[in-house]
Amino acid sequence: NEPLAYAIDKDEVCVIFYTVASETTDGWKIQSTALISKHLLRVTKPDLLRKSFQSLENKTIEFVKDELELIERFSYALQQADPDIVICYEMKLSLY
């Protein structure tokens with residue numbers, strides 16, 4: 001019996017995926033990032049996770065300590081990007 005990789009009794013943010021697209025004189029610059037909290041998700045094979053993002057160009061995977069650091073890091077990224085438009089959606093893992 002292996003324990004689940006997430007905590008069902010909590011509703012904490014575990015992962016934030018975001019992409020910043022900026023128009024430059026040379027065309028579009030795109031940077032994709034996955035921020036992953038190590039507090040609730042067990043990442044036993046980070047290299048396998050990185051391979052799953054191979055199709056994305058200019059990608060970054062960052063592991064953070066917990067939900068607070070995850071939100072702080074995303075907030076900092078938003079401040080740095082200073083976007084004109086932000087699109088958000090929530091994904092939930094269905095256990096039923």
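Look up a bit, the structure's there.
Figured I'd write up the structure that's included with this text. Owing to the predicted nature of the structure, the values given are computational and were not obtained by experimental measurement.

## Remarks on the side chain of Ser 37
Looking at the secondary structure, you find Ser 37 in strand β2 (residues 27–37). Those residues in contact with Ser 37 that lie beyond four places of it in its chain are Val 13, Cys 14, Val 64, Lys 65, Asp 66, Glu 67 and Leu 70.

## Here's the deal with the sheet that holds strand β1 (residues 15–24)
Read across the sheet, three strands follow the order β1-β2-β3 without closing on themselves; strand pairing throughout is mixed. Looking at which strands have only one partner, the edges of the open sheet turn out to be β1 and β3 (59–64). Taken pair by pair, the neighbouring strands of this sheet meet at an average axis angle of 20 degrees, ignoring direction. Each of β1, β2 and β3 is contacted by helix α2 (residues 67–81), which is oriented at about 10 degrees to β1, the strand it contacts most.

Conventions used here
Residues numbered from 1 in each chain as written. Predicted model: local features only at pLDDT ≥ 70, side-chain atom pairs only at ≥ 80, totals over all residues. Heavy atoms only, no water. Helix = DSSP H or I, 4+ residues; strand = E, 2+ residues; numbered from the N terminus. Contact = heavy atoms within 4.5 Å. Pairing = 2+ DSSP bridges. Axes fitted to C-alpha atoms, helices over the stretch in contact; angles between N-to-C directions.

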